[in-house]
Amino acid sequence: MPQRPPRWLGQGLSYAAIEHLPGRMIVLEGTDGVGRSTQIEMLSAWIESQGFGVVSTGWTRSALMGPTIDRAKSGHTLDARTFSLLYAADFADRLELQILPALRAGFVVVADRYVYTAFARDAVRGADPGWVRELFGFALEPDLVIYMDIDIDVLMPRILNGKGCTYWESGMDLKLADSIYDNCVEYQNRVLGEFRRMVDEFGFDVVNASGTRENTQRAIRRRVQKLLKEMAAERA
Amino acid sequence: MPLHDYVTPHPYPGKLIIVEGIDGSGKSTQLDLLRKYLESEGHPVHFTEWNSSALVKDTTKKGKKQKSLTPTTFSILHCCDFAERLAYSIIPPLKGGMIVLADRYMYTAFARDVARGVSREWVRGMYSFAPKPDIAYYFQITPEVSVERILTGRPQLKYYEAGLDVMDTDDPVESFGLFQGAIVNEYDAMVDEFGLTVIDGTRPIYTQQQEMRAIMAEKLGDYLTRSVPPRRGSTARRRTPAKASTAKRPTAASTKAAK
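Residues numbered from 1 in each chain as written. Chains lettered and ligands numbered in written order. Predicted model: local features only at pLDDT ≥ 70, side-chain atom pairs only at ≥ 80, totals over all residues.

Draft legend 1. Representation of the overall build of chain B in the model. Counting secondary structure elements, chain B contains nine helices and five strands. Out of the 259 residues in chain B, the part that is buried amounts to 40%. Long-range pairs, those at least 24 residues apart, make up 77% of the contacts in chain B with a sequence separation of at least 6. (Helix = DSSP H or I, 4+ residues; strand = E, 2+ residues; numbered from the N terminus. Buried ≥ 20, exposed ≤ 12 C-beta atoms within 10 Å, placed from the backbone. Contact = placed C-beta atoms within 7 Å.)

Quick look at the structure:
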């Protein structure tokens, strides 16, 4: 089965070639506390056990921008647009120096969050959806986007047992409610709404993440299996 | 293409004056002279400079040191810096009725980033939130003049400054000339696209400054007569009667503090 040619999400990078990318990119999307990192850890180990090299990458994790973004977050002073741009710089750095080279070398790239996170967060903050989509138009379209959906009632205990209702994960900058808990619920509800709106727009594969981690992992592997078979066939 | 903010006049009571041009074009010297003139006339002035926000500057420095900045990352980082300065150093003084003087503006990105290989349309879209300047002076010189001026008294060109990351040569001087040439081409094409006011950057400093002031007087005449706060005990300098709009003018102390 021939691989569908790699595509840019928008305008792309005029100076980067993507004709030959033997690797595959899998994105796990979902809101804060949904369990992405646990699932990615299990998934990566499984893909490696099948004999494929894995490179993992994550939102804000570039060496260049990571510390800058942490510093910006601790200050609570930046406006939403500057934040979007900081995320875009982080993403551009990882795309060109990490993701594309790994795909050229035939790795499976597993991404913890992708540009859809920026789209969701910006939409909740009232930014122009056209601007942020155009900004991230240089992104490569992933081969598979698994969106981990969850009910807010299941999500809230996970957030509280994890990092807790932190300033940004609670959307405190938006001043939606008087108490941090109520603000967090309202913010997460809005983020979930934006992700769900994007399911059709970008063709997400939806996995229900409200159940046990094992059930969620099984559902994710079922979707990834097809890609791995394709890759194995190409290499046969 | 969506309608960009920078195509229509901004809604603020202040005025935005910016200078553009390649390295060595004399734009910073001229802006500094204009600033001193405006201040001596008693106008509330705020100055801001390209790539100067603390947060982004350190990051750019790190990337430059490691020579790891790709054209797109480089471009977005400059826009981060711009967005932060816009929110803190450009829009508030414009809202407060001040004159904002900016050493370089989005046209620098449109010229330099495109010369580095990023798409013209994409970089324009990224800056679509920028307010349109009231006057955009473009100091025009040839790449040859730039090379001559920059190399005088500067022993070494820096890696990114010389465009060594994108030009097909390892010789810094040759690369710098080629890179400046590519930037000049972009700037020259923007004169009509954005209505830049061209100043011949090869003429004497004094002559250029006179021309700048004359253009400013013509374009901002009404604002300039209104914006001078009344001097204590004398209204002789004012050419029009005081209006209520002077009530919220920043004091000289707060203007100084803002620098």
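Draft legend 2. Quick peek at the overall build of chain A. Scanning chain A from N- to C-terminus turns up eight helices and five strands. Secondary structure elements of chain A occur, N-terminal to C-terminal, as β-α-β-α-α-β-α-α-β-α-α-β-α. For 236 residues, the compact-globule formula gives about 18 Å, and the C-alpha radius of gyration of chain A, at 18 Å, lands near that figure. For chain A, the spread of C-alpha atoms along the three principal axes comes to 60 × 40 × 30 Å. For chain A, the proportion of its 236 residues judged to be buried stands at 42%. (Rg over C-alpha atoms; globule rule 2.2 N^0.38 Å.)

Draft legend 3. Spatial organisation of unusual backbone geometry. Residue and element names in this part refer to chain B. Positive phi outside glycine occurs at N51, with the angle close to 55°. Locating N51 in the fold gives a position in the loop between strand 2 (45–49) and helix 2 (54–66). Here N51 falls in the partly exposed class, since 16 other C-beta atoms lie within 10 Å of it. Unusually for a residue other than glycine, R104 sits at a positive phi of about 80°. Since 23 C-beta atoms lie within 10 Å of it, R104 is described here as buried.

Draft legend 4. Examining the interface of chain A and chain B more closely. Taken together, the 27 residues of chain A in the interface contact 25 residues of chain B. Broken down by secondary-structure element, the contributors of at least two residues to the side of chain A that touches chain B are helix 2 (66–75), helix 3 (80–104) and helix 5 (129–135) of chain A. Looking at the side of chain A that touches chain B element by element, the count peaks at 10 residues for helix 3 of chain A. For the side of chain A that touches chain B, the residue count by class is 15 nonpolar, six polar and six charged. (Nonpolar A, V, L, I, M, F, W, Y, C, P; charged D, E, K, R; others polar.)

Draft legend 5. View of the sheet that holds strand 2 of chain B. Residues and elements named next belong to chain B. With parallel pairing, five strands are arranged side by side in an open sheet as 2-3-1-4-5. The open sheet has two edge strands with one neighbour each: strand 2 and strand 5 (197–200). Between one strand axis and the next, the sheet turns through 20° on average, direction left out of account. Where strand 1 (residues 15–20) lies against strand 3 (residues 99–103), five bridges are found, and the strand directions are parallel. Bridge pairing links V19 to D103 in strand 3. (Pairing = 2+ DSSP bridges. Axes fitted to C-alpha atoms, helices over the stretch in contact; angles between N-to-C directions.)

Draft legend 6. Representation of the pairing of strand 3 (residues 108–112) of chain A within the structure. Residues and elements named next belong to chain A. Most of strand 3 sits out of view: five of its five residues are buried. The alternating pattern of strand 3 places V108, V110 and D112 on one face and V109 and A111 on the opposite face, and all of these are buried. One ladder, built from five bridges, connects strand 1 (residues 24–29) with strand 3; its direction is parallel. Residue pairing across strands places R24 opposite V108, the latter belonging to strand 3. Two elements, strand 2 (residues 54–58) and strand 3, share five bridges in a ladder whose sense is parallel.

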